[in-house]
Amino acid sequence: MTRVGSIKQNDQGETATVKAGDGAVFIVLDTVVRNETKAGMDLTCGYPVANSLIDDQGRRYDAIKDLYKLPGNPECNDQLQPGFKNGMQYVYRVPVGARIVSWKFQEVDFSAAEEAAAGLVQLGEAGGQGA
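Residues numbered from 1 in each chain as written. Predicted model: local features only at pLDDT ≥ 70, side-chain atom pairs only at ≥ 80, totals over all residues. Heavy atoms only, no water.

A.B. asks: Give me the overall build of the protein chain: which residues, what numbers.
C.D. replies: Across its full length, the protein chain holds 0 helices and 11 strands. When the helices and strands of the protein chain are placed in sequence order, the string is β-β-β-β-β-β-β-β-β-β-β. The buried share among the 131 residues of the protein chain stands at 36%. Counting contacts in the protein chain only where the partners sit at least 6 residues apart, residues at least 24 apart contribute 68% of the total. Accessible area for the protein chain stands at about 7,800 Å²; split by element, carbon and sulfur atoms hold 47% of it. (Helix = DSSP H or I, 4+ residues; strand = E, 2+ residues; numbered from the N terminus. Buried < 20%, exposed > 50% of the residue type's maximum accessible area, 1.4 Å probe, protein only. Contact = heavy atoms within 4.5 Å. Areas by Shrake-Rupley, 256 points an atom, 1.4 Å probe, with all protein chains shown as cover.)

A.B. asks: Tell me what's going on with the sheet that holds strand 9 (residues 85-95), and back it up with residues and numbers.
C.D. replies: If you walk across this open sheet you meet the 3 strands as 1-4-9, and the pairing is antiparallel. The sheet is open, and its two borders are formed by strand 1 (2-4) and strand 9, each paired with just one other strand. Taken pair by pair, the neighbouring strands of this sheet meet at an average axis angle of 30°, ignoring direction. Both strand 1 and strand 4 (residues 24-34) contribute to a ladder of 3 bridges, which runs antiparallel. (Pairing = 2+ DSSP bridges. Axes fitted to C-alpha atoms, helices over the stretch in contact; angles between N-to-C directions.)

This is the structure in structure tokens:
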């Protein structure tokens, strides 16, 4: 987990720097997603992975839009097939002073009779909240 003031995004061959803005930082999570389901999953342009970053006050932050524009992330609608894994970067915009404690993620399958169990990763930021 890394705090940064700006991120790079690629769009149709052009690279742009996006700033978090006044009073905000981006939290960058570098992950590896393994598809252990029975169907392909789109990691960057919607479901089946719902996720949120949670601070010590219980506030939940959504990932920024257009995750597919982040260098190294899969393209929009690339399907991670069952049995494969892929690196994936999730980015969240949070207030500078937010103390992040966990990351929640959950498979979403609208055709399933029961909701999948959510995973919760304890992140913890001991010490400062440097930008």
